[in-house]
Amino acid sequence: MGQSRGLAGLFGISLVLMITLSYLTARHFVEPFPPLAASLSSPVTPLSDFIGISLGFRKVTADLAWIQTLVYYGSTEEGTDEERAVDTGEGKYPLFLAYCQRVANLDPSFKYVFYYGGGVLGWNLNRLDEAEVLLKEGIKAHPKEWRYQQFLAGLAYQKNHNIKLLEEFLKGFVDENDCPNLLRSILANIYKKQKQYKEAIYVWTLVYNTHDPLYTMRAVSQIREMYPLAKQMGTKAH
């Protein structure tokens, strides 16, 4: 009888501890994802996103959304020259911001969407206001990610057509592994226009070494084009 009371007492104490722990956890636990309504707020959100979240596959759903974003931006719009579009990013892609926001709403820890999306909107599509909107959303989600602030500064240089400061901005992190090739290509094109062929070749070599299928052939063609020019300038210098 005494043993039964002891077991009952231990069970009661354990139950109280479990309830207390659950209460404290609930108070201090921060949900890592936005509420469902916010997660599905992008105008390009399909029903499949709701299904993915409901089944507990939020990150997988975000990955699929990112692939669909790249497919959307990688497709050639009607009335656009395909070869020119690949080289210059020509096109309007009016829903590109919405596609990026869809990914970010599904998984705010997907930091690259803010870098890539901000770069495409700001430099390729020249929609600086939309780029700022996306980057500010990135800053809100990741206040310690200081490079988002750098991107905003770069956009300001673009707005003011200050190529020299834009060049210095891009040089600051072009060697980093997670620098988008989009920004590397912008720096390489700046160098090319200034006839700094060796510097441009160096940047295109960085691009080539990423083995990014979207940029590999472009990098090869640019290196082949500028190598004799760089060699010629080197000969003249001597």
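What counts as what
- Residues numbered from 1 in each chain as written.
- Predicted model: local features only at pLDDT ≥ 70, side-chain atom pairs only at ≥ 80, totals over all residues.
- Heavy atoms only, no water.
- Helix = DSSP H or I, 4+ residues; strand = E, 2+ residues; numbered from the N terminus.
- Expected span 1.5 Å × (residues − 1).
- Buried < 20%, exposed > 50% of the residue type's maximum accessible area, 1.4 Å probe, protein only.
- Polar contact = N/O pair within 3.5 Å; in protein donor to acceptor, adjacent residues only side chain to side chain.
- Contact = heavy atoms within 4.5 Å.
- Core = buried A, V, L, I, M, F, W, Y, C linked by side-chain atoms within 4.5 Å.
- Phe/Tyr/Trp six-rings, centres within 6.5 Å; stacked < 30°, edge-to-face > 60°.
- pLDDT = per-residue confidence, 0-100.
- Salt bridge = Lys/Arg side-chain N within 4 Å of Asp/Glu carboxyl O.

A.B. asks: Which residues make up helix α12 (residues 197–209), and what values go with them?
C.D. replies: Along its 13 residues, α12 runs 18 Å from first to last C-alpha, staying within 8% of the 18 Å computed at 1.5 Å per residue. Taken together, the buried positions of α12 are occupied by Tyr 197, Ala 200, Ile 201, Val 203, Trp 204, Leu 206 and Val 207. Directly after α12, the chain includes His 211, whose backbone phi takes a positive value near 55 degrees.

A.B. asks: An account of the side chain of Gln 101 is needed here, citing residue identities and associated values.
C.D. replies: Within the secondary structure, Gln 101 is located in helix α6 (residues 96–106). Within polar-contact distance, the side chain of Gln 101 engages the side chain of Glu 137 at 2.9 Å. Not counting residues up to four positions away in its chain, the partners in contact with Gln 101 are Val 133, Leu 134 and Glu 137.

A.B. asks: Could you give an account of the nonpolar core, naming the residues involved and the relevant values?
C.D. replies: The biggest cluster of nonpolar side chains holds 58 residues, and the ones touching the most others in it are Phe 96, Val 113, Trp 123, Phe 151, Leu 170 and Leu 183. For this core, the element with the most residues is α6, which contributes eight residues. For Trp 123, the residues in contact, after removing those within four places along its chain, are Gly 118, Phe 151, Gly 154, Leu 155, Gln 158, Leu 166, Phe 169, Leu 183 and Ile 186.

A.B. asks: An account of the packing of aromatic side chains is needed here, citing residue identities and associated values.
C.D. replies: With the rule as written, the count across this model stands at 16 aromatic pairs. Among the aromatic residues, ring-to-ring pairing joins Phe 114, Tyr 115, Trp 123, Tyr 148, Phe 151, Phe 169 and Phe 173 into one connected group.

A.B. asks: An account of the confidence of the model for the protein is needed here, citing residue identities and associated values.
C.D. replies: Overall, the predicted model of the protein reaches an average pLDDT of 80, with 79% of residues at or above 70. Here residues 15–19 is a poorly scored stretch, pLDDT under 50, and it has zero contacts once near neighbours within four places are set aside; other chains count. Across residues 21–30, where pLDDT falls below 50, the model places zero contacts with residues more than four positions away in sequence or in other chains.

A.B. asks: Tell me what's going on with helix α9 (residues 147–159), and back it up with residues and numbers.
C.D. replies: Along its 13 residues, α9 runs 18 Å from first to last C-alpha, staying within 8% of the 18 Å computed at 1.5 Å per residue. Among the structural elements, α7 (112–124), α8 (128–141), α10 (163–171) and α11 (181–193) are those in contact with the buried residues of α9.

A.B. asks: With reference to specific residues and values, describe unusual backbone geometry.
C.D. replies: For Tyr 93, which is not glycine, the phi torsion reads 45 degrees and is therefore positive. Assignment of secondary structure puts Tyr 93 in the loop between α5 (82–88) and α6. Tyr 93 sits in the buried class, given a relative accessible area of 4%. The backbone phi angle of Asn 126 is positive, close to 55 degrees, even though this residue is not glycine. As for its placement among the helices and strands, Asn 126 is situated in the loop between α7 and α8.

A.B. asks: Residue-level account of the pattern of salt bridges, with values.
C.D. replies: By the definition in use, this model includes seven salt bridges. Residue Arg 102 is joined to Asp 49 by a salt bridge in which the shortest nitrogen-to-oxygen separation is 2.8 Å. Of this pair, Arg 102 sits in helix α6 while Asp 49 sits in helix α3 (residues 47–54); the two residues are 53 residues apart in sequence, bridging distant segments of the chain. Both residues of the pair, Arg 102 and Asp 49, belong to the buried class. The salt bridge partner of Arg 127 is Glu 130, with a shortest N-O separation of 3.0 Å. On the basis of relative accessibility, which here comes to 24%, the residue Glu 130 falls in the partly exposed class.

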